[in-house]
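Chains, contacts and geometry: an overview
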Amino acid sequence: MIKRFISAAKTILGAAVLLIAVTTTAAAQETDKISESSKAVAAQMKNQLGLNDTQYTQVVEVNKAYLKKVKDCNESADNASAKAKKTHAINEERDTKLKSVLTATQYKKYAAARANNIRKLKDVAGL
């Protein structure tokens, strides 16, 4: 009887450890994806806008926060309208933070490129 109990406890404990390991690994992979994506976007912005090293580092952090919030918003149980409102607010917050990091000329270039990308997306979507 005690041997069965110990065996069952070991099995349950092993399953719990495995679940925690898989969950932790999946969370780490998501964090890595967000980190890599934010660095890729910042690198593109560095080339387009001529960011210095300090600006680049700050833009990476702004992009990480932005991508995490967008991911959380997309995974929420909210309806499409609520998600759209939240995404709009997240975009405005990101733009405000970028405005404080970029020079006026760099921000104008960024805003123009962003507007152009939005226009292209709308054209492709037929809106």
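Now for a look at the structure at hand. Small disclaimer: the values here were computed from a predicted structure and weren't measured. (Residues numbered from 1 in each chain as written. Predicted model: local features only at pLDDT ≥ 70, side-chain atom pairs only at ≥ 80, totals over all residues. Heavy atoms only, no water.)

Now for the overall build of the protein. When helices and strands are counted, the protein shows four helices and zero strands. Counting from the amino terminus, the protein carries its helices and strands in the arrangement α-α-α-α. Taking contacts inside the protein between residues at least 6 apart in sequence as the whole, the part at least 24 apart equals 53%. When the accessible surface of the protein is split by element, carbon and sulfur atoms take 62% of a total near 9,200 Å². (Helix = DSSP H or I, 4+ residues; strand = E, 2+ residues; numbered from the N terminus. Contact = heavy atoms within 4.5 Å. Areas by Shrake-Rupley, 256 points an atom, 1.4 Å probe, with all protein chains shown as cover.)

How two aromatic rings sit relative to each other is given by the distance of their centres and the angle of their planes. According to the stated counting rule, one finds one aromatic pair in the structure shown. Note on Y107 and Y110: the rings are 5.7 Å apart at their centroids and 45° apart in plane angle, and the pair reads as tilted. Of this pair, Y107 and Y110 both sit in helix α4 (residues 104-125), three residues apart, which is roughly one turn of that helix. Classification of Y107 by relative accessible area gives buried; the value is 17%. According to the relative accessible area criterion, Y110 is buried, its value standing at 8%. (Phe/Tyr/Trp six-rings, centres within 6.5 Å; stacked < 30°, edge-to-face > 60°. Buried < 20%, exposed > 50% of the residue type's maximum accessible area, 1.4 Å probe, protein only.)

Bringing the packing of helix α2 (residues 53-75) against helix α3 (residues 80-101) into the picture now. Here α2 crosses α3 at 175°, and the two axes come no closer than 10 Å. Between α2 and α3, the angle is such that the two are roughly antiparallel. Residue-level contacts link Q55, Q58, V59, V62, N63, Y66, K69, V70, C73 and N74 of α2 to K83, K86, T87, I90, N91, E93, R94, K97, L98 and V101 of α3. Here the contact of α2 with α3 is composed, by residue class, of eight nonpolar, six polar and six charged. (Axes fitted to C-alpha atoms, helices over the stretch in contact; angles between N-to-C directions. Parallel < 35°, antiparallel > 145°, perpendicular 65-115°, else oblique. Nonpolar A, V, L, I, M, F, W, Y, C, P; charged D, E, K, R; others polar.)

The next point concerns the packing of α3 against α4. Their axes nearest at 10 Å, the elements α3 and α4 cross at an angle of 155°. By the angle between their directions, the pair α3 and α4 is classed as roughly antiparallel. Our pair here, α3 against α4, has a crossing hand that is right-handed. Across the interface between the two elements, N91, R94, D95, L98 and K99 of α3 pack against Y107, Y110 and R114 of α4. Classifying every residue of the contact of α3 with α4 gives three nonpolar, one polar and four charged. (Left-handed = near helix turned anticlockwise from the far one by under 90°.)

What is shown is where atoms sit, not what they do.
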